[in-house]
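Architecture and fold: a report
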Amino acid sequence: MIIKVRGVLLRFTEYENEIEVGGKTVRAGLTALTERYPNLGEVLLDRMGEVRPTHLIALNGERLTKSELDRTAAEDDRVDIVTAVSGG
């Protein structure tokens, strides 16, 4: 699958925004991503290893809930990580 990283998370992936990873599920792909970029894992995941609520995960444009991260993802599927940004 290809994981698309945007915004503030790019600095944790050496500014690579489309990253091909292995895994049969979205969760497995995110695990592979955070193993490749450990600093990203600290920002993306909480202490329990779950995606922090400030990040939205989508599979082929469909937003996934926390319980849907175990959905099957094929090699050509796209996973987007979008982070809510606040400020003013």
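A brief look at the structure comes next. The structure displayed is predicted, hence computed values, not measured ones. Counting starts from 1 at the beginning of each chain's written sequence and moves along it residue by residue. Thresholds applied to this predicted model are a pLDDT of at least 70 for local features of residues and 80 or more for the giving and counting of side-chain atom pairs; totals over whole chains, interfaces and linings are not thresholded and use all residues. Side-chain numbers here rest on the full set of heavy atoms in the structure, without hydrogens or water.

Comments concerning the environment of R63
Going by this rule: Each helix corresponds to a stretch of at least 4 residues labelled H or I by DSSP, and each strand to a stretch of at least 2 residues labelled E; elements are numbered beginning at the N terminus. Each residue gets one of three labels from its accessible area relative to the maximum for its type: buried under 20%, exposed over 50%, partly exposed in between, using a 1.4 Å probe on protein chains only.
Note on placement: R63 falls in strand β4 (residues 62–64). Overall, the relative accessible area of 60% leaves R63 in the exposed class. A sequence separation of 47 residues divides R63 from E16, and the C-alpha atoms of the two residues are 22 Å apart.

Points about the pairing of strand β3 (residues 55–59)
On a regular strand, one side chain projects to one face of the sheet and the next to the other, so that they alternate. Stated precisely, the cut-off is as follows: A pair of strands is treated as paired once DSSP finds two or more bridges between them.
With respect to burial, β3 is a largely interior element, 4 of its 5 residues being buried. Relative to strand β5 (residues 78–83), β3 runs antiparallel, the two being bridged by 5 bridges. Looking at the pairing, H55 lines up with T83 of β5. Bridge analysis of β3 against β4 gives 3 bridges, and the strand direction is antiparallel. The partner of A58 across the bridge, within β4, is R63. The turn joining β3 and β4, which pair antiparallel and follow one another in sequence, is formed by 2 residues; a positive phi near 50° is taken by N60.

What to know about the nonpolar core
Stated precisely, the cut-off is as follows: As used in this record, nonpolar core signifies buried Ala, Val, Leu, Ile, Met, Phe, Trp, Tyr and Cys residues forming a set joined through side-chain atoms within 4.5 Å. Here, residues are in contact when the closest pair of their heavy atoms is within 4.5 Å.
Formed by 22 residues in total, the largest nonpolar core has its most connected members in I3, V5, V26, L30, L33, I57 and I81. Contributions of two or more residues to this core are made by β1 (2–5), α1 (26–36), α2 (38–44), β3 and β5. Among the elements that line this core, the one with the most residues is α1, at 3 residues. Residues within four places of V5 in sequence aside, it is in contact with L10, T13, E16, N17, I19, L33 and I81.

Notes on the side chain of D77
Put simply, the rule is: In this tally, Asp and Glu contribute negative charge and Lys and Arg positive charge; neither His nor the terminal groups of the chain are included. By salt bridge we mean one thing: a side-chain nitrogen of Lys or Arg within 4 Å of a carboxyl oxygen of Asp or Glu.
Here D77 is to be found in the loop between β4 and β5. Despite its burial, D77 remains without a salt bridge, the nearest opposite charge being carried by R71 at 8.8 Å. Not counting chain neighbours up to four residues away, the residues in contact with D77 comprise M1, I2, L59, N60 and T72.

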